[in-house]
Amino acid sequence: IVSLDEITQQEMLGKGQFGVVYRILYQGQTYAMKQIVKQTLIRHGKINSAVLELKIMYQLDHENIMKLITHFEDENNVYLILEYIDGSNLYDILKRDTRLQETYAIHYYRQIVSTLIYLHSRPTPILHRDIKPENILITKNNAIKLADFGSANSLAKDELRFTFEGTYLFMAPEIYLNKGYTQCVDIWSLGVLLFEILAGHSPFLNKEEENSLMTHEKQTVIRENVLNVRIRFPDTFPPLARDLVRKILRLEPQDRLRLEEVLKHPWLQNAEVLEQ
Ligand code: ADP
Ligand code: MG
Ligand code: MG
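Since we're looking at a predicted model, the values are computed, not measured. (Residues numbered from 1 in each chain as written. Chains lettered and ligands numbered in written order. Predicted model: local features only at pLDDT ≥ 70, side-chain atom pairs only at ≥ 80, totals over all residues. Heavy atoms only, no water.)

Chemist: Give me unusual backbone geometry: which residues, what numbers.
Modeler: Backbone geometry at Asn-142 places phi at a positive 65°, although glycine is not the residue there. As for its placement among the helices and strands, Asn-142 is situated in the loop between strand E8 (136-139) and strand E9 (144-146). Phi at Asp-148 is positive, roughly 65°, even though this residue is not glycine. With respect to the secondary-structure elements, Asp-148 resides in the loop between E9 and strand E10 (153-154). (Helix = DSSP H or I, 4+ residues; strand = E, 2+ residues; numbered from the N terminus.)

This is the structure:
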């Protein structure tokens with residue numbers, strides 16, 4: 001167990017709703033440190049989410065999931081010491097390039113789907129519940145590392161979750177409708193993600209709406225489009241990927257393509273191997 005005194009804080013790596021992440025040096029090694037302000041958790045009624053984030057991350061061991069090394073806390077904060085990922089995240093890549101080249105999209109998407117298969121096929125499946133570009137890091141070797149288990153939870157057999165959790169643009173219809181839900185919500189987010197990396201914008205909010213609408217107006221548009229599964233493909237969208245998006249983004253959770261079938265879909269078959 002470490003305390004802040006033993007750590008040299010370097011640059012800030014990123015920021016999310018609950019955490020600020022820094023690159024740090026500890027005993028001569030580089031790590032990332034996610035600092036979560038307890039007061040922010042309390043304000044949002046999520047004091048347990050940090051506990052769950054730790055508990056779940058300690059159980060996971062997968063090459064495409066960011067590793068939690070250790071953690072400690074003081075009066076004001078919880079600190080997660082994480083494997084440092086030297087690279088970027090999909091959000092910043094999309095901001096820079098608008099969309100991914102298909103070869104890269106396929107390469108990353110395969111890894112993301114395989115990682116979700118690992119999470120969902122555990123004895124008690126783990127729902128990530130916050131699959132989106134900001135939480136998918138990409139290393140310099142083009143490996144993906146899934147981050148941010150701050151919304152994750154596990155699910156016993158036949159159990160349903162009800163909490164309104166996630167990010168509007170990526171949230172499945174059953175969450176909006178306050179129906180009980182399962183790990184199928186992650187599959188939905190995966191469909192939204194696929195659209196977004198290839199189109200350069202969300203299926204449920206185009207660039208013009210993004211720039212012109214007020215926050216509450218956006219929420220109304222998104223909700224309407226999600227609940228009607230109104231997907232507006234740009235003409236340039238690759239036809240095979242379009243078929244896959246349509247098979248994943250289904251209103252009824254049980255109609256969504258299973259993850260194993262996603263991997264077998266023709267769009268994912270013709271991947272050129274990227275140079276490492
Ligand atoms: P939050 O729960 O507040 O969203 P995240 O865990 O998603 O916090 O981290 C916020 C951002 O910090 C990420 O989007 C990513 O860019 C960066 N980040 C997080 N963990 C690491 C890491 N281990 N190495 C490098 N960058 C990281
Ligand atoms: Mg995040
Ligand atoms: Mg989070």
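Chemist: Got a sec to walk through the site of ligand 1? Specific residues and values, please.
Modeler: Taken together, 19 residues sit near ligand 1, with Gly-19, Lys-34, Glu-83, Asn-89 and Glu-134 positioned nearest. Residue Ile-85 places a main-chain N or O atom 3.0 Å away from a nitrogen atom belonging to ligand 1. Contact distances for ligand 1 include 2.9 Å between an oxygen atom and a side-chain N or O atom of Asp-148. Within the complex, 91% of the 550 Å² of free accessible area of ligand 1 lies under protein. Contributions of two or more residues to the shell around ligand 1 are made by strand E1 (7-15), strand E2 (19-26), strand E3 (29-37) and strand E5 (77-83). Element by element, the count of residues in the shell around ligand 1 is highest for E1, at 3 residues. In terms of residue class, the shell around ligand 1 is built from 8 nonpolar, 6 polar and 5 charged. (Near = heavy atom within 4 Å. Polar contact = N/O pair within 3.5 Å; in protein donor to acceptor, adjacent residues only side chain to side chain. Areas by Shrake-Rupley, 256 points an atom, 1.4 Å probe, with all protein chains shown as cover. Nonpolar A, V, L, I, M, F, W, Y, C, P; charged D, E, K, R; others polar.)

Chemist: Could you give me a rundown of the coordination of the magnesium ion (ligand 2), with the residues and numbers involved?
Modeler: Tetrahedral coordination by four donors sets the ideal angle at the metal to 109.5 degrees; octahedral coordination by six donors sets it to 90 or 180 degrees. The magnesium ion (ligand 2) binds to the protein through Asn-135 (OD1) and Asp-148 (OD), with metal-donor distances spanning 2.2 Å. Metal-to-metal, the separation of the magnesium ion (ligand 2) and the magnesium ion (ligand 3) is 4.0 Å; Asp-148 coordinates the two. Of this pair, Asn-135 sits in the loop between strand E7 (126-127) and E8 while Asp-148 is found in the loop between E9 and E10, placing the two residues 13 residues apart along the sequence. (Donors = N, O, S within 2.8 Å, 3.2 Å for Na, K, Ca; no water.)

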